[in-house]
Structures are given as C-alpha cells and as structure tokens.
Amino acid sequence: MAPPRRRREEVSDEEEEEELVREDDEEEAEPIDDLDDAEPVLDFAQLDDDDDDDDGTAAEERLLKKRRKQGGFQAMDLSKPVFQALMRKGYRLPTPIQRKAIPLILTGRDVVAMARTGSGKTAAFLVPMFERLKAHASTVGVRGVVLSPTRELALQTLKFAKELGRFLAPPLELCLLVGGDSIEDQFDLLARNPDVLIATPGRLMHHLLEAELSLARCEYAVFDEADRLFELGFAVQLHEVLRRMPERRQTVLVSATMPAALAEFARAGLKEPEMVRLDAERRLSDALALAFFAVRPAEKPAALLWLMQAVLQPTDQAIIFVATRHHVDFVSLLLGAIGVPVSAVYGTMDPAARKINLAKFRAAKTRALVVTDVAARGLDIPMLDVVVNYDFPPKPKLFVHRSGRTARAGRAGTSFSFAQPDELPYVVDLQLALGRSVLAADGAPAPEPGMPALDPRVAHIGSFPKLALAPAAERVETLLNESDELWAAHRASTNAYKLYQKTRPSASPHSAARAKQLAPKTVAIHPVRHAGRHRACPPPPPPPPPPPPCFLPSHSLPLPFRPRARRCFSPSSTRGRSSCATHS
C-alpha cells in the first residue's frame with residue numbers, strides 16, 4: 001500500500017503547485033517587504049543540488065514552464081546573479097512596463113519606453129544593463145552611461161544599481177558624477193576604471209571637456225526622465241554626449257511624456273527605435289483621488305493649516321508643491337510655527353542639506369516635504385499618502401508628475417490642489433487633458449458615517465468652509481505679527497509670485513471663459529469636509545458636567561488641621577480643582 005500512498009502525495013504536490021501559480025496570476029506586480037512571508041520561488045541553487053532527484057527536477061521543470069506562461073522574470077532568461085538580486089529585492093512579478101521593455105532591450109535594439117511616474121521604469125533599463133555588461137571589465141573605458149536630470153534621481157539610480165549588482169562576480173564598478181560633490185573625489189572614482197557612469201548632464205560635460213573623459217567604448221546609454229532633461233535646457237549637452245559615443249551603442253530613452261523636442265531627439269539619436277507606450281501621456285493612477293479647492297490668495301496659508309490639522313491624519317505624510325523657493329521658505333516656516341515637522345528642498349539648496357532633509361522625510365521623521373518642481377522630479381518617496389498642490393501647475397503634465405508621487409504599487413493616494421481665481425483656467429485645461437470629469441460641488445448633505453468622502457472615480461471642485469477657516473486665518477495673522485522672519489518670508493513669496501505669473505504659460509481662451517463658473521463665490525463647499533478618512537475639524541467635545549456638590553461639613557476636621565482656605569477638588573473642573581464656597 002505504500003506506492004499508491006506515495007502517488008497520492010505526488011498528485012497533492014502538483015495540485016499545490018497549480019494553486020501557487022493561480023495565486024500568482026491574481027497578485028499585482030509589486031515588491032514584497034518581507035521575503036520570509038513570500039511564496040516560494042524557483043531556486044537555481046536547488047536545481048543544481050537536486051540533479052540526482054529525477055522526480056524533484058521534473059516537478060520544478062513543470063513549475064518553471066507554468067511560470068513562464070504567466071510572463072514572470074523567469075520567462076526573460078535572466079542570469080542567475082541578476083535573478084537572485086531581483087528576488088532579494090522582493091520583486092516576484094514584473095510591472096507592465098518591465099514585462100514589455102526588458103525583452104525588447106535584451107535583443108539589443110534601441111527602445112523608447114513611456115509610462116507614468118512610479119511604474120518601475122528604473123528596473124526596466126537597469127536589468128538589461130547588467131545582463132549586457134555582466135561583470136567588471138579589465139579593459140579601460142566606460143561601457144555604460146545613465147543620465148538623470150537631477151542629483152536626487154541619480155542617487156536613487158545608483159542605490160538601486162548597487163542592489164541589483166550585488167551578486168555579480170566581479171561586480172560592476174559604478175561611478176556617480178553629479179554637481180555639488182567634490183571634483184577631486186570624482187577624479188579618484190574615474191581612476192578606478194568604472195564600468196557605468198550615473199551622472200547629470202552638466203557634471204558629465206565638465207569631465208568630458210576638462211578631464212578629457214572618453215566615451216568611445218560605451219555600449220549602453222540611458223536617458224532617464226528624458227522629457228525633464230529637455231525642460232531643464234540640457235538639449236545641447238545631450239547631443240554632445242551622443243556625438244562622443246560610438247554608433248554601435250544601444251540607446252534607451254525613458255520618459256513619462258513625449259514633447260516635440262524629445263521626439264526630434266529620438267529620431268536623430270536612435271536607430272529605428274521600438275516604442276513601448278503603455279500609458280497615455282497624461283494618465284493618472286486609478287487609485288488616486290483628486291480634490292480641487294477654489295481659494296482666494298489671502299486664504300491659502302489658512303487653508304493649508306486647516307488641511308494639515310483637520311483633514312489629514314497625524315500619520316499621513318504629504319509632499320507640498322509650491323511655485324518658487326521663496327514659497328518653500330514661507331510654507332516651511334509657517335508649518336514649523338504650528339508644530340508640524342517639515343522638510344524643505346529646492347534647486348539651489350546646499351546638496352548636503354537636501355540630502356539630510358530628504359532622509360528625514362523618508363524616515364518619517366517629518367510629516368511634510370515642501371518642494372519645487374525642479375527639486376522634486378524623480379524623487380522616490382515610498383508609502384507616500386498625500387500630494388498638495390499649494391500653487392496649481394500651469395501644465396497638465398506637471399500635474400501628472402506631481403500627483404504621480406502617490407498612489408503607487410497598488411496603494412491608494414490623494415491629491416489636494418489649491419486654485420486661486422487666476423489659476424482656475426488651468427483646472428479646466430487639466431480636465432480636458434485627462435478626460436476626467438471635475439464636478440462643481442453642489443452642497444449636498446454629508447453622507448452617512450463611514451462612507452468615503454473622496455471617490456477616485458469622481459473629482460470635485462469646491463470652496464473651503466468659512467467657519468472652519470476663520471480660526472486658522474486668525475492663527476496665521478497672529479504668527480505673522482509675532483515673527484519678523486515669517487513676515488519677511490511671506491512678503492518675499494508674494495513678490496516672487498508676481499514674477500512667476502509673468503513667466504508661466506497661459507491657459508487656452510476657452511478654458512478661461514469656462515473657469516468663470518468655478519470662482520470661489522459661485523461653488524459650494526467641497527465635500528471633503530464630510531465623513532470619511534478625510535474629514536473636517538472634529539466636533540467639539542461635549543461640555544463637562546457640573547462639579548458635584550460639596551457635602552463636607554465645616555466641623556469635620558479638628559481645628560489644628562483646618563486650613564485657612566480650603567478648596568473642593570473635582571476631576572471635571574478646570575486644572576483639576578474648583579473653589580468651594582462653603583470652605584473658602
């Protein structure tokens with residue numbers, strides 16, 4: 001009877017494997033925090049050790065074939081070190097952009113990959129780079145170049161690249177070339193014969209011209225966040241970098257949008273590129289809830305205080321986007337004055353200070369991160385809850401880049417946007433660009449308790465409740481009168497906004513005409529004040545009950561121990577005690 005029992009056990013194992021594959025099909029492509037809790041994956045080392053066990057090998061081969069059918073990393077024929085690094089990072093299934101782009105890049109063709117922010121584009125070009133370069137080469141010369149628009153994005157790419165290459169033997173030598181770091185230290189790094197340069201265009205051009213750095217052996221070039229590279233004015237540097245690379249190189253262009261200048265660059269610098277475009281240019285996550293507020297300029301500081309204190313939960317972390325660095329200073333000082341832990345980042349800030357502030361926010365030591373568009377591009381803030389547009393972006397794609405910081409990896413997120421009267425036409429432009437309805441608040445009664453106040457499928461624009469803003473406005477006025485530093489920052493931000501208005505692009509005339517219906521005087525109060533996770537100020541506590549009467553007779557204590565003025569203690573009274581007329 002033993003053989004039949006063993007056959008039934010084998011059938012049970014196969015059923016478990018099939019159930020494992022079915023569960024994988026239902027899961028989303030997102031990293032897992034704890035690998036110990038993850039379901040077992042195919043182990044290459046186990047395949048090597050179990051060559052003598054025919055039954056185990058056959059079962060694992062069947063499992064491998066089933067996993068290849070579902071389009072996992074196993075189906076990409078990755079090398080053992082790269083696959084181990086991906087499993088160690090917690091990635092079990094590739095994201096859509098990774099599933100489409102990695103096989104194309106592995107064929108050696110030029111690729112233009114377009115997807116929304118937070119879709120996993122970094123791994124989409126780093127995994128093929130490690131597969132192509134494999135290990136450190138003794139021949140002198142740079143073999144890979146990754147260009148990033150900002151210092152912070154380059155640092156994040158370097159960190160991820162080190163984690164992916166930890167199992168390579170010998171590991172690839174990586175070199176970071178960004179502005180703000182010591183030029184002598186970068187010379188020392190270049191002297192070690194790096195395989196890959198992760199750089200910003202300005203500092204890379206400095207080394208190409210001053211240090212005569214050669215890119216003649218470059219095999220793999222990546223332009224990360226390419227649309228932002230052109231927006232920052234690096235077009236001349238990018239063409240010069242391409243000119244110094246050999247024609248046989250492979251080029252990968254990664255971007256969230258495709259402006260006209262970038263399309264022209266792709267036609268000139270890439271050889272018959274394959275286009276991978278999974279999301280529309282102005283696509284937002286379906287899990288992102290939008291809320292728009294029509295507000296007067298003088299009410300914006302009070303509105304921000306009300307939002308941080310009354311609407312958001314104490315554990316929520318928020319990125320606050322402002323127009324200029326002067327607004328960064330003002331908003332940071334304002335939030336700090338009311339006791340909200342805050343970090344600030346802008347383009348001209350000292351690199352060491354930017355790194356410290358970002359580290360505090362990532363470690364959840366601060367609740368708010370106040371940034372400008374230039375400083376925040378490419379920032380990877382995990383588990384972000386809220387994005388606040390203190391100054392409304394003049395372009396729809398800027399709104400996509402800002403709001404794309406949240407609602408990542410299957411998590412829900414919320415984007416709150418302030419729009420003063422001169423910014424309301426941009427709200428209409430955004431509505432037309434996204435194809436997503438923005439409904440005017442109708443002042444409907446609050447839903448029943450427990451119902452969500454913000455629905456990702458519907459976006460409303462409304463005004464702030466005046467009664468709720470009144471205490472916050474008084475608080476702001478008091479803080480401005482008490483702090484000369486805060487008052488000076490407020491005046492500087494006001495003057496900076498006047499200059500900002502002259503340089504920002506104009507909205508369409510049709511949107512300007514339709515925006516008159518969205519003025520703060522014409523729209524009702526926003527439904528965000530209703531029940532749900534995002535709600536208005538909590539109701540005031542009930543009044544305390546009256547203190548109990550004192551029944552202590554005047555002759556209850558001996559004369560030597562009777563105090564001159566005795567008081568009756570009541571836990572419900574202010575400061576824990578109240579006067580008693582009988583014993584006063």
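Our subject is the structure listed above.
These notes cover the structure that comes with them. (Residues numbered from 1 in each chain as written. Predicted model: local features only at pLDDT ≥ 70, side-chain atom pairs only at ≥ 80, totals over all residues. Heavy atoms only, no water.)

### Some words on helix α7 (residues 151-164)
An α-helical turn contains 3.6 residues, so a residue and the one three or four places further along point in the same direction.
Part 1 of the reasoning: With 14 residues, α7 should cover 20 Å at 1.5 Å per step; its first-to-last C-alpha distance of 20 Å lies within 8% of that length.
Part 2 of the reasoning: For α7, the buried fraction is high: ten of the 14 residues fall into the buried class.
Part 3 of the reasoning: What α7 keeps buried is the set Arg151, Glu152, Leu153, Ala154, Gln156, Thr157, Leu158, Phe160, Ala161 and Leu164. (Helix = DSSP H or I, 4+ residues; strand = E, 2+ residues; numbered from the N terminus. Expected span 1.5 Å × (residues − 1). Buried < 20%, exposed > 50% of the residue type's maximum accessible area, 1.4 Å probe, protein only.)

### Overview of helix α4 (residues 80-89)
Part 1 of the reasoning: Of all the residues in α4, the buried ones are Val82, Phe83, Ala85, Leu86 and Met87.
Part 2 of the reasoning: Of the residues trailing α4, Gly90 is marked for its positive phi of about 100°.

### Considering empty space enclosed by the protein
Part 1 of the reasoning: Applying the stated criterion across every chain yields a total of five cavities of 30 Å³ or more.
Part 2 of the reasoning: Taken as a whole, the second largest cavity encloses approximately 60 Å³ of empty space.
Part 3 of the reasoning: By residue class, the composition of the lining of the second largest cavity is four nonpolar, five polar and two charged. (1 Å grid on protein atoms, 1.4 Å probe; cavity = no way out; pocket = protein on both sides within 12 Å on 5 of 7 lines; lining within 4 Å. Points joined across faces, edges and corners; volume = space filled by probe spheres on them. Nonpolar A, V, L, I, M, F, W, Y, C, P; charged D, E, K, R; others polar.)

### A short note on the sheet that holds strand β7 (residues 274-277)
Part 1 of the reasoning: One open sheet holds the seven strands; their spatial order is β3-β4-β2-β5-β6-β1-β7, and the pairing between them is parallel. Two strands bound the open sheet, and with one partner strand each, they are β3 (174-177) and β7. In this sheet, neighbouring strand axes are inclined to one another by 15° on average, regardless of whether the strands run parallel or antiparallel.
Part 2 of the reasoning: Strand direction decides the pairing type here: strand β2 (residues 144-147) and strand β4 (residues 196-199), joined by four bridges, are parallel. (Pairing = 2+ DSSP bridges. Axes fitted to C-alpha atoms, helices over the stretch in contact; angles between N-to-C directions.)

### So, unusual backbone geometry
Part 1 of the reasoning: Here Ala169 and Pro170 are connected by a cis peptide whose omega angle stands at -10°.
Part 2 of the reasoning: Positive phi outside glycine occurs at Lys134, with the angle close to 65°.
Part 3 of the reasoning: In this structure, Lys134 sits in the loop between α6 (121-133) and β2.
Part 4 of the reasoning: One non-glycine residue with positive phi stands out, namely Glu225, at about 50°.
Part 5 of the reasoning: Within the secondary structure, Glu225 sits in the loop between β5 (220-223) and α10 (226-231).
Part 6 of the reasoning: Taking relative accessible area as the criterion, Glu225 reaches 6% and is therefore assigned buried.

### Quick word on the nonpolar core
Soluble globular proteins tend to pack their nonpolar side chains together in the buried interior.
Part 1 of the reasoning: The biggest cluster of nonpolar side chains holds 43 residues, and the ones touching the most others in it are Leu304, Ile320, Val331, Leu335, Phe416 and Phe418.
Part 2 of the reasoning: It is helix α13 (residues 300-311) that contributes the most residues to this core, nine residues altogether.
Part 3 of the reasoning: Sequence-distant contacts of Val331, that is, excluding residues within four places in its chain, are made with Leu304, Ile320, Val322, Val370 and Tyr390.
Part 4 of the reasoning: Grouped together as the second largest cluster of nonpolar side chains are 42 residues, Leu86, Ile105, Ala115 and Leu158 included. (Core = buried A, V, L, I, M, F, W, Y, C linked by side-chain atoms within 4.5 Å. Contact = heavy atoms within 4.5 Å.)

### Some details on the sheet that holds strand β8 (residues 288-294)
Sheets are built from strands paired through backbone hydrogen bonds, the pairs being either parallel or antiparallel.
Part 1 of the reasoning: With respect to topology, eight strands assemble into an open sheet ordered β10-β11-β9-β12-β13-β8-β15-β14, the strand pairing being parallel. Edge positions in the sheet fall to β10 (342-345) and β14 (438-440), since each has one partner strand and no second. Strand-to-strand twist in this sheet, taken as the mean axis angle between neighbours without regard to direction, amounts to 20°.
Part 2 of the reasoning: Relative to the sheet, helix α17 (residues 396-403) contacts β8, β9 (318-321), β12 (386-389) and β13 (413-419), its axis offset from that of β12 by approximately 145°.
Part 3 of the reasoning: Running at roughly 155° to β8, helix α18 (residues 424-434) makes contact with β8, β13, β14 and β15 (459-462) of the sheet.

### Examining the pattern of salt bridges
Part 1 of the reasoning: Summed over all chains, the structure comprises 17 salt bridges.
Part 2 of the reasoning: For Lys89, the salt bridge is made with Glu163, and the minimal N-O distance between the two is 2.6 Å. Residue Lys89 is located in helix α4, and its partner Glu163 is located in helix α7; the two are separated by 74 residues in the primary sequence.
Part 3 of the reasoning: Look at Lys89 and you get partly exposed, because its relative accessible area is 28%.
Part 4 of the reasoning: Its salt-bridge partner being Glu240, residue Arg243 comes within 2.6 Å of it at the nearest N-O pair. Taken together, the residues Arg243 and Glu240, both in helix α11 (residues 235-243) and three residues apart, mark about one turn of the helix. (Salt bridge = Lys/Arg side-chain N within 4 Å of Asp/Glu carboxyl O.)

### With respect to the packing of aromatic side chains
Part 1 of the reasoning: Applying the stated criterion to the full structure yields 13 aromatic pairs.
Part 2 of the reasoning: Centroid distance Tyr497 to Tyr500: 5.6 Å. Interplanar angle 45°. Geometry classified as tilted. Taken as a pair, Tyr497 and Tyr500 lie in helix α20 (residues 484-503) at a separation of three residues, close to a single helical turn. Neither residue differs from the other here; Tyr497 and Tyr500 are each classed as buried.
Part 3 of the reasoning: In this structure an aromatic cluster arises from ring pairing among Phe293, Trp306, Tyr390, Phe416, Phe418 and Phe464.
Part 4 of the reasoning: Stacked on the ring of Tyr390, the Lys or Arg Lys300 has its end atom at 4.7 Å from the ring centre. (Phe/Tyr/Trp six-rings, centres within 6.5 Å; stacked < 30°, edge-to-face > 60°. Lys NZ or Arg CZ within 6 Å of the ring centre and 35° of its normal.)

### A word on the pairing of β2
Part 1 of the reasoning: Residues Gly144 and Val146 of β2 are buried on one face, and the alternating residues Val145 and Leu147, pointing to the opposite face, are buried as well.
Part 2 of the reasoning: For β2 and β5, the ladder comprises four bridges, and the chain directions are parallel. When the bridges of β5 are listed, Val146 appears paired with Val222.

### What to know about the side chain of Asn357
Part 1 of the reasoning: With respect to the element layout, Asn357 can be found in helix α15 (residues 351-362).
Part 2 of the reasoning: With a relative accessible area of 17%, Asn357 lands in the buried category.
Part 3 of the reasoning: Contact partners of Asn357, with chain neighbours within four places excluded, come to Ser343, Ala344, Val345 and Met349.

### What to know about the packing of α17 against α18
Part 1 of the reasoning: Direction vectors running N to C along α17 and α18 enclose 80°, while the axes themselves pass 9 Å from each other. On the basis of their axis angle, the class for α17 and α18 is roughly perpendicular. Two secondary-structure elements touch here, α17 through Pro396, Phe399 and Val400 and α18 through Asp429, Leu430, Ala433 and Leu434.
Part 2 of the reasoning: Here the residues of the contact of α17 with α18 are counted per class, giving six nonpolar, no polar and one charged. (Parallel < 35°, antiparallel > 145°, perpendicular 65-115°, else oblique.)

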